[in-house]
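Observations on the model geometry
Residues per chain are reported as follows:
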Amino acid sequence: MATEITMPKLSDTMEEGTILKWHVAEGDRIARGDIIAEVETDKAAMEMEAFEDGTVAAIKVAEGETVPVGTLIAILDVAAAKQEKKDKEEKQEKKDKEEKQETEKEEKEEKKGTARAPAAAKTPVKPEAAEEEPQPAAQGVAPASRKEEAMTGARPGGQTPPASPAARRLAREKNVDLARVRGSGPGGRILVADIEQAEAGAVKGPATASSAAAPTSGKSVKIRRIVARKMVEAWETIPHFYVTVAVDMTDVIRFRKDLKVSINDFIVAATIRSLQEHSWVNSHHLDGEAVEQARINIAMAVATDRGLYNPVLKDCAAFSLRDISRKSQSLAEKAHLGKLTPEEMQDGTFTISNMGMLGVESFSAIITPPQVAALAVGTARGELVVDEHGESTIAPILRLTLSADHRALDGADAAEFLATLKSYLEAPVVLIACGSAEEEA
Amino acid sequence: MAEITCREALNQALREEMERDSSIFILGEDVGLYEGSFKVTKGLLAKFGEKRVLDTPIAEAGIVGLACGAAMAGLRPIAELMTVNFAIVAMDQIFNHVAVASYMFGGQVRVPLTIRAPGGAGHQLGAQHSHSLEALFAHCPGLRVVVPSVPADAKGLLKSAIRSDDPVLFLEHEGLYGVKGEVPEGEHLVPLGRADIKRSGRDVTLVTLSRMVYVCLEAAEQLAKEGIDAEVVDLRGLNPLDMTTVLASLRKTRRAVTVEESWLSFGWGGEIVARIMEQGFDDLDAPVLRVGGADVPMPYNKHLEKSAIPDAARVAARVMELF
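The rules behind these values
- Residues numbered from 1 in each chain as written.
- Chains lettered and ligands numbered in written order.
- Predicted model: local features only at pLDDT ≥ 70, side-chain atom pairs only at ≥ 80, totals over all residues.
- Heavy atoms only, no water.
- Phe/Tyr/Trp six-rings, centres within 6.5 Å; stacked < 30°, edge-to-face > 60°.
- Lys NZ or Arg CZ within 6 Å of the ring centre and 35° of its normal.
- Helix = DSSP H or I, 4+ residues; strand = E, 2+ residues; numbered from the N terminus.
- Polar contact = N/O pair within 3.5 Å; in protein donor to acceptor, adjacent residues only side chain to side chain.
- Expected span 1.5 Å × (residues − 1).
- Buried < 20%, exposed > 50% of the residue type's maximum accessible area, 1.4 Å probe, protein only.
- pLDDT = per-residue confidence, 0-100.
- Contact = heavy atoms within 4.5 Å.
- Pairing = 2+ DSSP bridges.
- Axes fitted to C-alpha atoms, helices over the stretch in contact; angles between N-to-C directions.

1. Concerning the packing of aromatic side chains
Using the criterion set out here, one finds 2 aromatic pairs over all chains in the structure. The positively charged end of Lys39 of chain B is found above the aromatic ring belonging to Tyr34 of chain B, 3.6 Å away from the centroid.

Shown next, in the form of structure tokens:
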């Protein structure tokens, strides 16, 4: 069995890579985790690891050659390695069994005439068989491992992916190797349908590490599907980069108590103001070009029992803090009830994803196309800070991470935007004053 | 076919059976003059007289004890207990006499007794009037346990229960008396111990009974929108238990969720799961999950009561965990 090794995507912006050096030659035996090559990307030279044990069957790209991500660079023969591993394991198992039988026999002899040894009763090899028909050790192993196979569907000693009982039975009947099947159930569990598909030849190529990549969510299948499609599109088409700032939330927390609005409302308000000042961040990247959007529509990521929704706070440039609080609360409620209309989820120009309430310190969000940036909000945690007088004090520090589309924004754009955002949040009185003035007007 | 309520269907069954067999008599609190707390015995006193429709004092142990003796002596009593919770007062009679008499006398006597009792939550009647105790009776061998969900089953099953020579606990849900459905007139029998598929589907089997049948049907509609086709199996009773239908459905769908209104812990859902593990393990594509009521005494407060019992959203959410 051969596995193809392709040019990996080693960074977000990587489109092609250069093989600087091969650490292996054709015919070499390699183990998973071995460094096989040095690859130069647009950013740096990196080492490339083997994902599987095997023998290098062919090297397809010479040193110094540059090829796009995904190009076949080498072929790995994994069958021999697998067989070898299997043989080794079987040998070990056989040895274990022999030892066990030996011990059993000794125990039996010891306790002959007394009650049956409980330890012997517990061993997988039938005590009667061992007692009445002493068999050559090699034969004694076979039925035991067959039994194990029947019980677990596992190849003896082999690491099997999770599979449902029905799938295991079908795999046994149809002689399908579970290790080669991609599971579509929760946690990557292999189901009957997966075996049927595999048997029909629909699964092509080895499904290495497939179980880990399979969907694990028990949430709405439909929502998951939409989110999956959107995220793949975003991840594959947008060259992301990330900038993080730490914000002192002392004043926001103080005001928030009096005003009965949430920390998130302050963040939304500050974001709206910052977007007005750095309108380039409020762009759409379409047809190879970024275009500033006239209106500010903030998409909020709301995690519900059914899945992830992005209701949009529309045309909110003039919203007061209270408007923001009221409207975002109503949208979030609708999201939880599953009552959002398609219109309410369209036309976002900038996304805010807040995981603060989940205790996440900081993270980075994936940009929703055609937007060019997304703000990831962590939780405010007490941290030791040194003030302007050199005195140390504890302040609630919040980490904001901007994911930016490098086609539209540069590092400096992101940094300036975050600096403005930070200044608003560290002096939130401006947000309150502006809001109430407009409310009065 | 006429569309009538569960209440009327039960009344029809009682009336027809009493007409057919003169050894049948009804006894219980308020079954005569008041025509039953839930009006199931309406018109029966007037038609059959007070020798066959007996108002009794508030004394459940006495009602069941008298009925047990009468049944052993050759009559066919139908005892009504005002709610299933009050059956607990008569538990010694039920577990120690009704259930075991036939066994203890080596089959020389039979106890053809039907005990009807309403139960279930949803009407703000508090913890002492609202429980679903079918699992409690199903635990005791010797008792038949029948739990209908639709009017046609209510009539057909009650007639079969009355004709059975074994003691039958016939448990009615208070929330279903007013539910209407088509019911065949006259002789309509539903055999005990046969589950019914109330909705056919191919992706997951919901095993349920009584009012939860309706909750499961609603959940199935919600799931259909997600592309999941749920089959709803109404057990219609717990003893005899129709595992044949459950296992056949499982072979088709490969996934199952049990849905019961009563307390989840040690409930009948667990029994179904255990039997599936023993008899249908190789048919599974996912672990069998359970949905049940909260392990609390049924709250009086309307909102708390509602949240203590499963609803369609909760059933649907649990099902989604399998995909």
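2. Quick word on the side chain of Arg76 of chain B
By secondary structure assignment, the location of Arg76 of chain B is in strand 4 (residues 76–80). Separated by 3.0 Å, the side chain of Arg76 of chain B and the backbone oxygen of Ile162 of chain B make a polar contact.

3. Focus: helix 11 (residues 321–337) of chain A
Helical geometry: 3.6 residues make up each α-helical turn, so side chains three or four residues apart lie on a common side. Residues and elements named next belong to chain A. Here helix 11 is 17 residues long and its end C-alpha atoms lie 24 Å apart, about the 24 Å a rise of 1.5 Å per residue gives. Here helix 11 has its buried residues at Leu321, Asp323, Ile324, Ser325, Ser328, Leu331 and Ala335. In the stretch just after helix 11, Gly338 is the one whose phi turns positive, near 70°.

4. Things to note about the confidence of the model for chain A
Counting all residues, the mean pLDDT for chain A is 76, and 75% of those residues have values of 70 or more. Counted against residues more than four places away or in other chains, residues 113–158 of chain A, with its pLDDT under 50, gives 51 contacts.

5. Some thoughts on the pairing of strand 11 (residues 289–292) of chain A
In regular strands, side chains alternate between the two faces of the sheet. Residue and element names in this part refer to chain A. Two strands pair when backbone bridges link them, and strand 10 (residues 283–286) and strand 11 are joined in this way by 4 bridges, in the antiparallel orientation. Paired with Leu286 across the bridge in strand 11 is Glu289. Remark: 2 residues form the turn of the hairpin made by strand 10 and strand 11, two consecutive strands paired antiparallel; Asp287 in that turn has positive phi of roughly 50°.

6. Some remarks on the sheet that holds strand 11 (residues 230–234) of chain B
All names here are of chain B. The 5 strands lie next to each other as 9-11-10-13-14, forming an open sheet whose pairing is mixed. The open sheet has two edge strands with one neighbour each: strand 9 (196–199) and strand 14 (289–293). Between one strand axis and the next, the sheet turns by 25° as a mean value, whatever way the strands run. Taken together, the 3 bridges between strand 9 and strand 11 define a ladder with antiparallel strand orientation. By the bridge assignment, Arg199 is partnered in strand 11 with Val232. The sheet strands contacting helix 9 (residues 243–253) are strand 9, strand 10 (204–208), strand 11 and strand 13 (256–263), and the helix crosses strand 11 at an angle near 175°.

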